[in-house]
Amino acid sequence: MKIPSMASLSTKTDTLEKQFESIALEEKTLSNLMQFEADKMLAFIGRKRDFPSNPSSAEIIQFNQSCVQVMESFLNAESVLFKKLTKAVHLTLHEKNIQSASLNDEDNNEAELLENDDQGFDF
Amino acid sequence: MKRRTEAAATLLAALFQLLRALKSKRASMKPSERRLVDYDLAMMVHIGSDLHKYLSWSDLSIAEIQGFGEGDCTRSTGDYAEKFMQDINYAITMLQSWPFDNPLIGRQVMKRLYELQSYYSDQLAHDDEFIIGNTTSEQASWEQKLAVGADIHSFNHEQGTRPTSNPDDNYILTKIGSWTSVKKLNDSHAHQGRSVKQDGQVTAIERRRI
């Protein structure tokens, strides 16, 4: 099996880092949206849970349905992000394994060179 | 990632508040409207717990990269976990007396909530303070609420269904599990040659007990 060079590895590592950054940014945005949705719910039901805007039953049901839709959107977004993250995690671990294998390979080569070096010191 | 998990917990906590508010409003609604409220409630709890699952699995994936020794995301539940556990327990207590028109919807909602409760009781059971039995007053209060409120058998009796797993049992089992692991550790120390890691853990536990 051919081990890739260190130059291409650094490019892959950069790409994975960028991938993690983009996932983190999306997660941050989603967490803000979740916080806003939670605030919206709390504002609708009021501090004493007495619905300060006096909504009708139909309005309450409409609000519930809008909450369900928003939460479904969160779920879909999180599902996609989770898949991206899982792939990125697998690739990162794979890269780490390759890097450690190539480093070991370099060490072995250096050791072999030292062993075979019969022109080392000329007394 | 921790901030995101906390935001999701806040959203679910707000959802529980909405359920509490809906309970009083529901009484003055028509039967068809009540069914819609029940259905939306079940959907929200269902989606909320799924959302929570994705987030906890993402945390585990991140922990895999970071290494469990340093920056362990699975242990980053922090103080909000205790408060969230209280919210879940309160929601369970409240929904046990919720007059669902369709008992199947009621069962689904309770099942989801028990899963969440089990997850957080497991997280808290792995907390160091919890393992050595050093409960805070806040923990003691939710333990009492749980012991009093988690009467699933009455709920099942009302709905005429078979009894399912008791959350009280789950909680006690996780606690026993923690103590058993400590006991096993001490036993292995007494009977076998102990490793350096075990030695450190036993010493730390003994120091805390003193």
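Thresholds applied
The residue numbers shown here count from 1 along each chain, following its written sequence. Chains and ligands are labelled by the order in which they are written, letters from A for the one and numbers from 1 for the other. Note on the predicted model: pLDDT of at least 70 is required for a residue's local features to be given, and 80 or more for side-chain atom pairs to be given and counted; whole-chain, interface and lining totals, by contrast, use all residues. The basis for every side-chain value is the complete set of non-hydrogen atoms in the structure, without hydrogens or water. Patch membership requires more than 30% relative accessible area and the absence of a salt bridge. Residues of like charge join within 9 Å; the nonpolar side chains Val, Leu, Ile, Met, Phe, Trp and Tyr join within 5 Å. Only the protein chains shown count as covering a residue, and every accessible area follows the Shrake-Rupley method with a 1.4 Å probe. Whenever Lys or Arg places a side-chain nitrogen within 4 Å of a carboxyl oxygen from Asp or Glu, that contact is recorded as a salt bridge. All tallies of charge rest on Lys and Arg as positive and Asp and Glu as negative; His and the ends of each chain are not included. For the purpose of locating charges, the reference atoms are NZ of Lys, CZ of Arg, CG of Asp and CD of Glu. Segments assigned H or I by DSSP are reported as helices when at least four residues long, segments assigned E as strands when at least two residues long, and all are numbered from the N terminus. What pLDDT reports is the predictor's confidence in each residue, on a scale of 0 through 100. By definition in these notes, contact holds between two residues if any of their heavy atoms fall within 4.5 Å. Among buried residues, those of type Ala, Val, Leu, Ile, Met, Phe, Trp, Tyr and Cys that are joined through side-chain atoms within 4.5 Å constitute a nonpolar core. Each residue is assigned to one of three classes by its accessible area relative to the maximum for its type, calculated with a 1.4 Å probe on protein chains only: buried under 20%, partly exposed between the two thresholds, exposed over 50%. Aromatic pairs are defined between Phe, Tyr and Trp rings, using the six-membered ring for Trp, whenever the two ring centres lie within 6.5 Å; interplanar angles under 30 degrees are classed as stacked, those over 60 as edge-to-face, and all others as tilted.

With that settled, the discussion passes to a negative patch on the surface. A surface patch of negative charge is lined by Asp105, Glu106, Asp107, Glu110 and Glu112 of chain A. Along the chain, Glu110 of chain A falls in helix H2 (residues 57-116).

Another point: the confidence of the model for chain B. Residue and element names in this part refer to chain B. For chain B, mean pLDDT is 68; residues scoring 70 or higher make up 51% of the total. A low-confidence stretch, residues 129-136 stays under pLDDT 50, and its non-local contacts, those more than four residues away or across chains, total 20 contacts. Contacts from residues 146-165, a stretch scored under 50 in pLDDT, to residues over four places away or in other chains number 37 contacts. The ipTM value of the predicted complex is 0.70, and its pTM value is 0.62.

Formed by 59 residues in total, the largest nonpolar core has its most connected members in Met41 of chain A together with Leu11, Leu18, Leu41, Leu95 and Val109 of chain B. Mapped onto this core, the elements with two or more residues apiece are helix H1 (6-45) and H2 of chain A together with helix H1 (2-26), helix H2 (31-66), helix H3 (78-96) and helix H4 (103-125) of chain B. Tallying contributions element by element places H1 of chain B first for this core, with 12 residues.

Residues and elements named next belong to chain A. Counted by the stated rule, this structure contains 4 aromatic pairs over all chains. Relative to Phe51, the ring of Phe44 lies with its centre 5.5 Å away and its plane at 75 degrees, an arrangement referred to as edge-to-face. On the basis of relative accessible area, Phe51 is assigned to the buried category, the value being 1%. Members of the aromatic cluster, connected to one another through ring pairs, are Phe44, Phe51 and Phe63.

This part is about unusual backbone geometry. Residues and elements named next belong to chain A. In the Ramachandran plot, Arg49 falls in the positive-phi region, its phi being about 55 degrees despite a non-glycine side chain. Among the secondary structure elements, Arg49 is positioned in the loop between H1 and H2. In this structure, Asn54 is a non-glycine residue whose phi angle is positive, near 45 degrees. Structurally, Asn54 is set in the loop between H1 and H2. For Asn54, a relative accessible area of 63% puts it in the exposed group.

Residues and elements named next belong to chain B. Scanning the model with the defined rule gives 5 salt bridges over all chains in all. Between Arg26 and Asp38 there is a salt bridge, and its shortest N-O distance comes to 2.9 Å. Taken as a pair, Arg26 in helix H1 and Asp38 in helix H2 lie far apart in primary sequence, 12 residues in all. Each member of the pair, Arg26 as well as Asp38, carries the same accessibility label: buried. Among the ionic pairs, Arg112 bridges to Asp50, the shortest N-O distance being 2.8 Å.

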